Amino acid sequence: LTVGVAMETAPGERRVAMVPQVVGRLVGSGLDVLVETGAGRGAWFPDGAYAEAGATVVARLDLFARADVVVSVSLPDPRTRALLRGGQTLVGLLAPLPRPQVMAQLAEAGVTAVSLDGLPRTLSRAQSMDALTSQANVAGYKAVLVAADAYPRYFPLLMTAAGTARPAEVLVLGAGVAGLAAIGTAHRLGAVVRGYDVRPEARGEVTSLGASFLDLGGPDLGGVAGGAGQGGYARALTAEELAGQQEALAAAVARHDVVITTAQVPGRRPPLLVTEEAVKTMRPGSVVVDLAASPLGGNVEISAPDETVVTAGGVTVIGAGNLPALMPAAASAAYARNVAALLGHLVHDGALTIDTADEIQAGVVITHAGRVVHPATAALLT
Ligand code: NAD
């Protein structure tokens, strides 16, 4: 079986789906690996390192002609997708739900599309394949560095002959994978950190990282009762709950120097947690980083992806874009291990075996044998 590592096509994407160290493991397990010329350059993995690990470095057309399985990070652009042929498999973080039509086109072309974002994440045997988690960890870490870079003061308490600097007060809203990574990073930088989430189990996770849990004090005071939804995720709040939460959070936001937001609800627009009014109450020099910034809106009313605004009140509001792409070597290494684990699950005796009766495959296989087989994606097409 031949695995082809394609160069990413999304603007600003510096990650690569496979790194030389993991290529060595794939080759050792009997797979042939082709790498597109320059595919790893953006992540600082030169062609020569792939060749040394046992891959063959080839031009793009050659790769698409010869590979049985093409691995990528994000969905390749239309010109690149046109190079895929029937019987070939595409593995990546394809985000099928926002683009069911593209999945239908892949099905029509006879391509088997396998998307890591559909992985059943709570299955312990799927954890090594969990690319959403590995990339969210990178994003949470990087969000703190981005915030610290924009913040005009120190994060740690510093006592010097020129006086004492008080530590920055950092608030992290949403304590899932990215939020916990942000909390741990801000704590290691010496900030005083508070974390908040609507899922009750987040409290213990926040405090175990050395942060305190921001208590909104029960439903009457803006706290949310029973915020857990299905599959370990949060549920969507009612309009009333969300309004109470925004009001209670506004008071907390005003007391912090740095606010990092990471809240998501599956299949919904990210909840609006920090209103424009709340940002106005922050001190000049404060920084807000919205990891949930999206074209539909994010956790912060005035954020937009890949945009930084400085308000009239002197608050820097940073809408995060693709933060894992800003740490491409680490993000690619983790992603490559996820992909290798998934291939280990799909490949038997040198052949790719598609079986949607398998719980993991039922989540990740989007198209196969000319059809969109993933129920949630198929439902969007009818
Ligand atoms: P996510 O990206 O969907 O959301 C991020 C966080 O935002 C979540 O913690 C969520 O509770 C929180 N949130 C949503 N609405 C909110 C609101 N109105 N106010 C405050 N916070 C809000 O979640 P995620 O990071 O992908 O993971 C969520 C949970 O699933 C975590 O507990 C994580 O540990 C768990 N998880 C488990 C496994 C596993 O068991 N292997 C794998 C991955 C994730």
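Residues numbered from 1 in each chain as written. Predicted model: local features only at pLDDT ≥ 70, side-chain atom pairs only at ≥ 80, totals over all residues.

**Q** Teacher, can you tell me more about the overall build of the protein chain here?
**A** Within the protein chain, the regular secondary structure consists of 13 helices and 19 strands. A compact globule built from 382 residues should have a C-alpha radius of gyration of about 21 Å, and the protein chain, at 22 Å, falls within 12% of that. Seen along its three principal axes, the alpha-carbon backbone of the protein chain occupies a region of about 60 × 50 × 35 Å. Residue burial in the protein chain is summarised as follows: out of 382 residues, 47% are buried. Counting only contacts in the protein chain whose residues sit at least 6 apart along the sequence, the fraction spanning at least 24 positions is 65%. (Helix = DSSP H or I, 4+ residues; strand = E, 2+ residues; numbered from the N terminus. Rg over C-alpha atoms; globule rule 2.2 N^0.38 Å. Buried ≥ 20, exposed ≤ 12 C-beta atoms within 10 Å, placed from the backbone. Contact = placed C-beta atoms within 7 Å.)

**Q** Could you clarify how one ought to interpret the nonpolar core in this entry?
**A** Across soluble globular proteins, nonpolar side chains show a tendency to be buried alongside one another. Core analysis: the biggest nonpolar cluster contains 117 residues, and A143 and I260 have the highest contact counts within it. Setting aside residues no more than four positions away along its own chain, I260 makes contact with A143, V144, A147, V170, V172, A182, V289 and L291. (Core = buried A, V, L, I, M, F, W, Y, C linked by C-beta atoms within 7 Å.)

**Q** Explanation requested: the site of the ligand in the structure shown.
**A** Close to the ligand lie 30 residues, the nearest being G174, G176, G232, A234 and A263. When its residues are assigned to classes, the shell around the ligand shows 16 nonpolar, 10 polar and four charged. (Near = placed C-beta within 6 Å. Nonpolar A, V, L, I, M, F, W, Y, C, P; charged D, E, K, R; others polar.)

**Q** Would you explain the packing of helix 6 (residues 131–150) against helix 7 (residues 177–188) in this entry?
**A** Two numbers describe a pair of packed helices, the interaxial angle and the distance between the axes. Direction vectors running N to C along helix 6 and helix 7 enclose 40°, while the axes themselves pass 7 Å from each other. By the angle class used here, helix 6 and helix 7 are oblique. Considering the relative orientation of helix 6 and helix 7, their crossing is right-handed. Residues T133, A136, N137, A139, G140, Y141, A143 and V144 of helix 6 touch helix 7, and the partners they reach there are V177, A178, G179, L180, A181, A182, T185 and A186. Across the contact of helix 6 with helix 7, the residue classes tally to 11 nonpolar, five polar and no charged. (Axes fitted to C-alpha atoms, helices over the stretch in contact; angles between N-to-C directions. Parallel < 35°, antiparallel > 145°, perpendicular 65-115°, else oblique. Left-handed = near helix turned anticlockwise from the far one by under 90°.)

**Q** It is not clear to me how the confidence of the model for the protein chain should be interpreted in this structure. Could you clarify?
**A** Detailed reading of the predicted coordinates is not advisable wherever pLDDT falls low. Scored by pLDDT, the protein chain comes out at a mean of 96, with 100% of its residues at no less than 70. Scored by ipTM, the complex comes to 0.94, with pTM at 0.96. (pLDDT = per-residue confidence, 0-100.)

**Q** It is not clear to me how the environment of V23 should be interpreted in this structure. Could you clarify?
**A** Among the secondary structure elements, V23 is positioned in helix 1 (residues 20–28). As a C-alpha pair, V23 and G40 span 17 residues in sequence and 12 Å in three-dimensional space. Filtering out sequence-adjacent residues up to four positions away, V23 remains in contact with M18, V33, Y50, A53, G54 and A55.

**Q** What is the right way to read the pairing of strand 18 (residues 365–368) from this model?
**A** Consecutive side chains of a regular strand alternate in pointing toward one face of the sheet and then the other. Judged from the two bridges that link them, strand 6 (residues 112–115) and strand 18 form a sheet pairing that is antiparallel. Residue pairing for strand 18: V114 is matched across the bridge by V365. Where strand 18 meets strand 19 (residues 371–372), two bridges bridge the pair, whose relative direction is antiparallel. Each residue of the ladder has a partner; that of H368, found in strand 19, is R371. The turn linking strand 18 back onto strand 19 is made up of two residues, and A369 within it adopts a positive phi angle of 50°. (Pairing = 2+ DSSP bridges.)

**Q** Teacher, can you tell me more about helix 6 here?
**A** Under the 1.5 Å per step criterion, the end-to-end length of helix 6 is 28 Å for 20 residues, consistent within 8% with the ideal 28 Å. Across the 20 residues that make up helix 6, a large majority, 15, are buried. (Expected span 1.5 Å × (residues − 1).)

**Q** In this structure, what is going on with unusual backbone geometry? I would like to understand it.
**A** Across residues other than glycine, the phi torsion is negative in most instances, and most of the peptide bonds are trans. Backbone geometry at A95 places phi at a positive 45°, although glycine is not the residue there. With respect to the helices, strands and loops of the structure, A95 is situated in the loop between strand 5 (89–93) and helix 5 (100–108). What makes A95 partly exposed here is the crowd of 14 C-beta atoms within 10 Å. Even without glycine at this site, D306 takes up a positive phi of about 65°.

**Q** Hey, could you run me through the sheet that holds strand 4 (residues 69–74) in this one?
**A** In any sheet, the strands associate via hydrogen bonds between backbone groups, in a parallel or an antiparallel arrangement. As summarised here, the arrangement of the eight strands in space is 3-2-1-4-5-6-18-19, forming an open sheet in which the pairing is mixed. The outermost strands of the open sheet, each flanked by one partner alone, are strand 3 (56–58) and strand 19.

**Q** Quick question: what am I supposed to make of the sheet that holds strand 12 (residues 258–261) here?
**A** If you trace the seven strands from one edge of the open sheet to the other, you get 11-10-9-12-13-15-14, paired in mixed fashion. On the outer flanks of this sheet lie strand 11 (212–213) and strand 14 (307–310), each paired with one strand and no other.

**Q** When you look at helix 1 in this model, what are you seeing that I'm missing?
**A** Within an α-helix, residues lying three or four positions from one another point in the same direction, as the helix has 3.6 residues per turn. Turning to helix 1, its buried residues are P20, V22, V23 and L26. When helix 1 is viewed along its axis, its buried side chains cluster within an angular range of 155° and face the same direction. Where the residues of helix 1 are buried, they touch strand 1 (2–5), strand 2 (32–36), helix 2 (47–52) and helix 11 (328–346). Downstream of helix 1 by one or two residues, G30 has phi in the positive range, about 100°. (Arc of directions from axis to C-beta.)

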